[in-house]
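Breakdown of the fold
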Amino acid sequence: MSKLAIYGGKPAVPAGAVKPWPLIEKTDEDMVLAALRSNHHFFGPECMALQEEFAAWNGNKYCITTNSGTAALHMSLVGCGVGAGDHVLVSAYSWSASATCILHHCAIPVFVDIDFDTVNMDVNKIEAAITPRTKAIIAVHLHGLALDMEKLMAVARKHKLMVVEDACQSPGALFKNRKVGTFGDCAAFSMAHNKTLCSGEGGFFVTNDPQKHEKAKQLWSFGETKAPGEKRDYHAHMIGWMYRNNDILAAFGRSQLKKLDYHLKVQKENALNFHEQIKHLASKGIILPFEPAGYNHTWYEYVVRLDMDKTGWKGDPGVFRDAVNKALMKEGMRTAIWQRMILPEMTVFRNKNAYGLGVPWSVDNAGEGVEYIPEQYSNAIRHSRTHIGINMPLRAPNGPETIKLLAEAYCKVLGNLDQIDPEKINKMDI
Ligand SMILES: Cc1ncc(COP(=O)(O)O)c(C=O)c1O
């Protein structure tokens, strides 16, 4: 084996070998420049066109473009009628906004552990988490893999719960040949800089229900009943935010949307190619991701876990994982530890005091019986401490040559875990 770069060896991935995301082409430049020169820089024709095009692409009747996926999540909850003191179920392992969006409307997050194999919410644990106050479930489709929406919808309908899909990471993911964002009552997508459909920042709220669309639209723009473009009365009928997208970013989003199917195709080809070249690491203590039957995984993020029983390391798994990740980065990789804490560990939940005076948990004693005890989410904890992910390097314009280098780096480091000395490596400033 060649010497690891962390100990002074030659990096497996030379500088400049990995092309940055997203690929900017002339169509992107032309469309953004036209929007810039149009003298229409707020919500306007580009935003309207983007909404229509995304709704057509995903198969939704209504779509509102927003300035973030988080805004679209908040709008989804409001569209579904979630309000102060209601309980909302959500995965214990996700981006913070999957759960802070619940606090935004003074409702209470109740966490459900993940299924370790898929990293998504364990749908078999939903029923046990339902309380008399539960109003909705946020179904997060993580890393490009859909949840089992058949089981989730059956539990939701049995208990008369609303379903919001957090599809921020997963446009194009399929469950039984149906796109995410078309199963629940409302759904949210993100167009942030690292997303497969990317416009720097931005997002979409989608639904098929005209009433949910109307409620979400009010929250989106100052609580007004009229959307920009319609004759406005400048009257805040309800609490509202400023969640609107603008025409310059919408033009970027439109040019990227034209390439989304191609980007999803390359992302999948690259991930499967990468997987093929590293799959032998399964015998060396590396737990590899997989695509379950009946699903189309988009491979937004390719995530491996360290099987700690096989590494020989007896200390904190996170310390060993961080050392492995540093060794990968020194090989020239741009890997990511996505969430090193699970949501019930985060201070905003544990303090139970988002707005002062214990609000929203203190509202009508709604927080009674809701505890945030991280140990109760053992699969999420294990995943958060042992995972290493890779996303943007697996996307276009990177192709087989780059993937070969990335796989070499993984094999060099993950195939030689006995070389990893966390005490030495974690002292290095990388
Ligand atoms: C699962 C998930 N939900 C919600 C969000 C929030 O999206 P945004 O950053 O566009 O607000 C993200 C962003 O990374 C995410 O990964």
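Nothing here was measured: the structure is a model prediction, and the numbers come from that model.

Turning to the packing of helix H3 (residues 69-79) against helix H7 (residues 210-220), a few remarks are in order. Where H3 contacts H7, the axes come no closer than 8 Å and their chain directions differ by 130°. Here H3 lies oblique to H7, going by the angle between them. Two packed elements cross with a definite hand, and for H3 against H7 that hand is right-handed. Between H3 and H7, the contacting residues are His-74, Met-75, Ser-76, Val-78 and Gly-79 on the first element and Lys-212, His-213, Lys-215, Ala-216, Leu-219 and Trp-220 on the second. Taken together, the residues of the contact of H3 with H7 sort by class into 5 nonpolar, 4 polar and 2 charged.

Let us now look at the sheet that holds strand S10 (residues 286-287). Spatial strand order, S10-S12-S13: 3 strands in an open sheet with antiparallel pairing. Both edges of this open sheet fall to S10 and strand S13 (387-390), since each of them pairs with a single strand only. In this structure, strand S12 (residues 302-306) lies alongside S13, joined through 4 bridges in antiparallel fashion. Bridge pairing in S13 places Val-303 opposite Gly-389.

What follows covers the site of the ligand. Looking at the ligand, there are 14 residues lining it, with Ser-68, Gly-69, Thr-70, Trp-95 and Ser-190 nearest. For the shell around the ligand, the secondary structure elements donating two or more residues are H3 and helix H4 (97-104). The residue inventory of the shell around the ligand, partitioned by class, reads 5 nonpolar, 8 polar and 1 charged.

A few words now on the domain arrangement of the protein. Examined at the domain level, the protein breaks down into domain 1 (5-13 + 260-339 + 381-425) and domain 2 (26-259). For domain 1 and domain 2, the distance between their C-alpha centroids amounts to 29 Å. Taken together, the contact between domain 1 and domain 2 spans 21 residues of the former and 24 residues of the latter. Within the residue set of the side of domain 1 that touches domain 2, elements represented by two or more residues are helix H9 (260-278), strand S11 (295-296) and helix H13 (378-386). Among the residues making up the side of domain 1 that touches domain 2, the classes are represented as 9 nonpolar, 10 polar and 2 charged.

Here the focus is the sheet that holds strand S6 (residues 174-175). Ordered in space as S7-S6-S11, the 3 strands form an open sheet in which the pairing is antiparallel. Of all strands in the sheet, those with a lone pairing partner are strand S7 (178-179) and S11, marking the two edges. Pairing of S6 with S7 involves 2 bridges; the strand directions are antiparallel. Pairing of Phe-175 across the sheet is with Arg-178, part of S7.

Take the packing of H9 against helix H14 (residues 400-414) next. Direction vectors running N to C along H9 and H14 enclose 40°, while the axes themselves pass 9 Å from each other. Judged by the twist between their axes, the crossing of H9 over H14 is right-handed. Residue-level contacts link Asn-270, Asn-273, Phe-274, Gln-277 and Ile-278 of H9 to Pro-400, Ile-403, Leu-406, Ala-407, Tyr-410 and Cys-411 of H14. Its residues assigned to classes, the contact of H9 with H14 shows 8 nonpolar, 3 polar and no charged.

Take the nonpolar core next. Leu-77, Val-88, Ala-136, Ile-137, Val-164, Phe-205 and Val-324 are the most contacted members of the largest nonpolar core, which totals 124 residues. Ranked by residue count, the leading element in this core is H14, at 7 residues. Excluding residues that lie within four positions of it along the chain, Leu-77 makes contacts with Val-82, Val-88, Cys-101, Ile-102, His-105, Ala-107, Ala-136 and Val-164.

About the criteria used
Residues numbered from 1 in each chain as written. Predicted model: local features only at pLDDT ≥ 70, side-chain atom pairs only at ≥ 80, totals over all residues. Axes fitted to C-alpha atoms, helices over the stretch in contact; angles between N-to-C directions. Helix = DSSP H or I, 4+ residues; strand = E, 2+ residues; numbered from the N terminus. Parallel < 35°, antiparallel > 145°, perpendicular 65-115°, else oblique. Left-handed = near helix turned anticlockwise from the far one by under 90°. Contact = placed C-beta atoms within 7 Å. Nonpolar A, V, L, I, M, F, W, Y, C, P; charged D, E, K, R; others polar. Pairing = 2+ DSSP bridges. Near = placed C-beta within 6 Å. Domains from an automatic or database assignment. Core = buried A, V, L, I, M, F, W, Y, C linked by C-beta atoms within 7 Å. Buried ≥ 20, exposed ≤ 12 C-beta atoms within 10 Å, placed from the backbone.

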